[in-house]
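Descriptive structure summary
Read off the chains here:
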Amino acid sequence: MLSRLGALLQEAVGAREPSIDLLQAFVEHWKGITHYYIESTDENTPAKKTDIPWRLKQMLDILVYEEQQQVAVGEAGPCLEYLLQHKILETLCTLGKAEFPPGMRQQVFQFFSKVLAQVQHPLLHYLSVHRPVQKLLRLSGTAPGSVTEKEEVQLTTVLCSKIQQDPELLAYILEGKKIVGRKKACGEPTALPKDTASHRDKDCSHDGAPARPQLDGEPCGAQALNSHMPAETEQLDGGTAESNLITSLLGLCQSKSRVALKAQENLLLLVSVASPAAATYLVQSSPCCPAIVQHLCQLYRSMPVFLDPADIAALEGISWRLPSAPSDEASFPGKEALAAFLGWFDYCDHLITEAHTVVADALVKAVAEKFFVETLQPQLLHVSEQSILTSTALLTAMLHQLRSPALLREAAAFLLGTDRQPEAPRDNPHALYAHLIGHCDHLSDEISIATLRLFEELLQKPHEGIIRSLVLRNLEGRPYVAWGSPEPESYEDTLDLEEDPYFTDSFLDSGFQPRAKPRLAPATSYDGKTAVTEIVNSFLCLVPEEAKTSAFLEETGYDTYVHDAYGLFQECSSRVASWGWPLTPTPLDPHEPERPFFEGHFLRVLFDRMSRILDQPYSLNLQVTSVLSRLALFPHPHIHEYLLDPYISLAPGCRSLFSVLVRVIGDLMQRIQRVPQFPGKLLLVRKQLTGQAPGEQLDHQTLLQGVVVLEEFCKELAAIAFVKFPPHDPRQNLSPAPEGQV
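Predicted, not measured: the structure shown is a model, and the values here were computed from it. (Residues numbered from 1 in each chain as written. Predicted model: local features only at pLDDT ≥ 70, side-chain atom pairs only at ≥ 80, totals over all residues. Heavy atoms only, no water.)

1. Let's talk about a negative patch on the surface
A grouping of Asp308, Glu385, Asp445 and Glu446 is seen on the molecular surface, where their side chains present a negatively charged patch. Here Glu446 is to be found in helix H21 (residues 445–459). Accessibility expressed as a relative area gives 54% for Glu446, which makes it exposed. (Patch = residues over 30% accessible without salt bridge, like charges linked within 9 Å, V, L, I, M, F, W, Y side chains within 5 Å. Areas by Shrake-Rupley, 256 points an atom, 1.4 Å probe, with all protein chains shown as cover. Salt bridge = Lys/Arg side-chain N within 4 Å of Asp/Glu carboxyl O. Lys, Arg positive; Asp, Glu negative; His and termini not counted. Charge placed at Lys NZ, Arg CZ, Asp CG, Glu CD. Helix = DSSP H or I, 4+ residues; strand = E, 2+ residues; numbered from the N terminus. Buried < 20%, exposed > 50% of the residue type's maximum accessible area, 1.4 Å probe, protein only.)

Next comes the structure, spelled out in structure tokens:
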């Protein structure tokens, strides 16, 4: 029994001694730090050359070791208790703000980060911890590119990680915006006194430990700290009352180094917090969403007023994770500002995708109100052509990299409005939509091209409301079809296009050998009426033989367009697969009241532009036909019927894409007679456009270029019709219908 009693006593003594030694060592290291400020007279010695970093590391190691030795989990050891009761972190925060000795702020940031990361005991709930953390955050993010930004972002990383693990901490970190903004009863302390013996007793508590410096909001009985910090930091507490973790992160996001990426990742971690209560608190009690969007607006305004659309298009693929640094090879004025704006917009889009629903909804609303309506819309509605051109090109670039469904929905409503009723020729559409439609037919060809590119980008976004607003709402019920018109088994029995002088029965050279004369059996049609073979032949034979030039250059023809159209159609079909579109057109209802057909403002301006293809610049014609091709790819039966079926019986006063092309061909046939040496000049222009001949100016150059575009566009439409409803697999056999089978 005596032996056992001796062993127990020995264990008790062994367990007690480390605790006493640890606390004594911890206090001694803290006294060593405070005594440095009392005894030191050199204000220029960097902190790294003092023993402060070593002592802070020893204090950290003691706290970690003490916690590892604790038997009772969750209890604070003597050293941690001392740290909390004596408000050591608040004192360190004051010393870091004073930046004395030089580099002290960096040491304080590191100590805070390591203590919060390595000590497992929950600390941020304590007032003596989260209050100095809030103060320290007000020192970070204020000067992007500062020497302490790496340490600053390290602290935010630890805090965001802690909040992700315990969302309740969010309130502790963000609360008390004006904790130190209260009216003080005495002057704010700045640094420890450097007097020697006369102040040493005052700087030590009754237990021999060094007394901490006086802190904000405390009674003025203790000796105030000497002023070693710069004058501007004295206003920091009261002058930036709204500063907190959010503003600190946003400030660090503006760094030119990798710190910005880490800060963005931290902010993303913060907004993706899983707790609904924390997400609501983040939206309602912090400047998170307004500050993010405000920065977006600031970046937009910081760009040059005049930017070349080609330069903007070259930077469309910028990602917030891999921002494009300006290079000498492709530099232009404003490139860095443009890259910063597009990168931040991409980041906002990513935030909305990853954030908690509550935060995402608030952020989408802020982007729509503050950026789309208040910042971007005035530029789009501006009377200055250059302002319209730049803002339209920027909007196109933003749409190109937009991925968030919620933000895309807001962007579509902003541009096109929310009305889904069929349009009328004289109605008053959404104001911005009406302006954009007008810009498609602007006096400035550059503005028309830029706006058509914007609509082409819209048509490639996965949002059904876009195509419905632009086209489908006007095609519902098929009012473009003549009422009471016969719907025979085959349109070839009632229409004979070979009698039309603008049609020929010969094929353009598409790289295929003519087949035998016997006709194939009618191909399976998309709606049981018009065979696809007949549609393909109609477009291929539309351009008169004397206006075709591709055969003379041994270019690949129709088969190349089939390959391209097949890939684009598969991509479009995949995008719209979930929209539940019908496979066949809506049957005509004889009992439904007849309504006049209007193709809509969008198709009207496209058809008008298409009718002037022989009089417009080449680049504008390319853009018009590109948008129409995008429209024709959509796998909706009404779109296919209205845009690609030459055989539909149109209602009186209606026009379709094919009827517009027929009128263009009629105009072309008349104008050909007035152009001397037309075939030779047309061939030369085609060689110029393909880079096979010098680009000298010719008479009737615009007309000749328009004819080249027209020929290629008809081949493209034929290929689209073929791949949408092929009589056979286009990957197996790309041959068109037999020659002369129109």
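Still more to cover.
2. Considerations on unusual backbone geometry
Here the residue pair Phe100 and Pro101 is connected by a cis peptide bond, since its omega of -5° sits within 30 degrees of zero. Even without being glycine, Lys87 reaches a positive phi, approximately 50°. The residue Lys87 is located in the loop between helix H3 (78–85) and helix H4 (88–98) in this model. Using a relative accessible area of 26% as the deciding quantity, one classes Lys87 as partly exposed.

3. Some points on the confidence of the model for the protein chain
In this model, the protein chain carries an average pLDDT of 80, and 77% of its residues clear a pLDDT of 70 or more. Here residues 176–241 is a poorly scored stretch, pLDDT under 50, and it has 129 contacts once near neighbours within four places are set aside; other chains count. Long-range and interchain partners of residues 485–529, a stretch whose pLDDT sits below 50, account for 99 contacts in this model, where long-range means more than four residues apart. (pLDDT = per-residue confidence, 0-100. Contact = heavy atoms within 4.5 Å.)

4. Here's the deal with the pattern of salt bridges
By the definition in use, this model includes 24 salt bridges. Close ionic contact of Lys256 with Glu336 constitutes a salt bridge, the shortest N to O distance being 3.7 Å. Taken together, the positions of Lys256 in the loop between helix H11 (245–252) and helix H12 (259–271) and Glu336 in helix H16 (residues 335–354) put the pair 80 residues apart, joining distant regions of the chain. Looking at Lys256, the relative accessible area reads 74%, which means it is exposed. For Arg655, the salt bridge is made with Glu599, and the minimal N-O distance between the two is 3.2 Å. In this pair, Arg655 sits in the loop between helix H27 (637–644) and helix H28 (657–672) while Glu599 sits in the loop between helix H24 (558–576) and helix H25 (601–611), placing the two residues 56 residues apart along the sequence. Judged by its relative accessible area of 8%, Glu599 is buried. One network of salt bridges, in which partners are shared, links Arg686, Glu711, Glu712 and Lys715.

5. Topic: the packing of aromatic side chains
The geometry of an aromatic ring pair is captured by two quantities: the separation of the ring centres and the angle between the planes. By the definition in use, this model includes 19 aromatic pairs. For the ring pair Phe607 and Tyr642, a centre distance of 6.1 Å and an interplane angle of 40° mean the geometry is tilted. Of this pair, Phe607 sits in helix H25 while Tyr642 sits in helix H27, and the two are 35 residues apart along the sequence. When its relative accessible area of 1% is taken as the criterion, Tyr642 is described as buried. Each residue in the set Tyr300, Phe341, Phe345, Phe371, Phe372 and Phe414 is aromatic and connected to the rest through ring pairs, giving one cluster. (Phe/Tyr/Trp six-rings, centres within 6.5 Å; stacked < 30°, edge-to-face > 60°.)

6. Focus: H25
Note: α-helices contain 3.6 residues per turn, so residues at a spacing of three or four share the same orientation. With eight of eleven residues buried, H25 is to be regarded as a mostly interior element. Within H25, burial applies to His601, Phe602, Leu603, Val605, Leu606, Phe607, Arg609 and Met610.

7. A closer look at the packing of helix H20 (residues 431–440) against H25
One can describe the packing of H20 onto H25 by two numbers: an axis separation of 9 Å at closest approach and a directional angle of 10°. Relative to H25, H20 is oriented roughly parallel. Across from Tyr433, Ile437 and Cys440 in H20, the residues of H25 making contact are His601, Phe602, Val605 and Arg609. Split into classes, the residues belonging to the contact of H20 with H25 amount to five nonpolar, one polar and one charged. (Axes fitted to C-alpha atoms, helices over the stretch in contact; angles between N-to-C directions. Parallel < 35°, antiparallel > 145°, perpendicular 65-115°, else oblique. Nonpolar A, V, L, I, M, F, W, Y, C, P; charged D, E, K, R; others polar.)

8. Details of the nonpolar core
Grouped together as the largest cluster of nonpolar side chains are 211 residues, with contacts concentrated most on Leu92 and Phe371. Sorting elements by how many residues they give to this core places helix H30 (residues 701–724) first, with 15 residues. (Core = buried A, V, L, I, M, F, W, Y, C linked by side-chain atoms within 4.5 Å.)

9. Some points on the packing of H4 against helix H6 (residues 127–137)
Contact geometry for H4 and H6: axes closest at 8 Å, N-to-C directions at 15°. As summarised for this structure, H4 and H6 are arranged roughly parallel, according to the angle between their axes. Crossing hand, H4 versus H6: left-handed. Side by side, H4 and H6 meet where Leu89, Glu90 and Cys93 of the first sit next to Leu127, Ser128, Val129, Arg131, Pro132, Lys135 and Leu136 of the second. Looking at the contact of H4 with H6 residue by residue, the class counts come to six nonpolar, one polar and three charged. (Left-handed = near helix turned anticlockwise from the far one by under 90°.)

10. Remarks on the environment of Glu168
Relative to the helices and strands, Glu168 resides in the loop between helix H7 (149–165) and helix H8 (169–174). Taking the C-alpha atoms as reference points, Glu168 and Ser275, 107 residues apart in sequence, are found 8.5 Å from one another.

11. Description of the side chain of Asn474
With respect to the helices and strands, the residue Asn474 is situated in helix H22 (residues 464–475). For Asn474, a relative accessible area of 0% puts it in the buried group. At 3.4 Å, the side chain of Asn474 forms a polar contact with the backbone oxygen of Glu599. Those residues in contact with Asn474 that lie beyond four places of it in its chain are Pro422, Glu423, Pro479, Arg595, Phe597, Phe598, Glu599 and Gly600. (Polar contact = N/O pair within 3.5 Å; in protein donor to acceptor, adjacent residues only side chain to side chain.)

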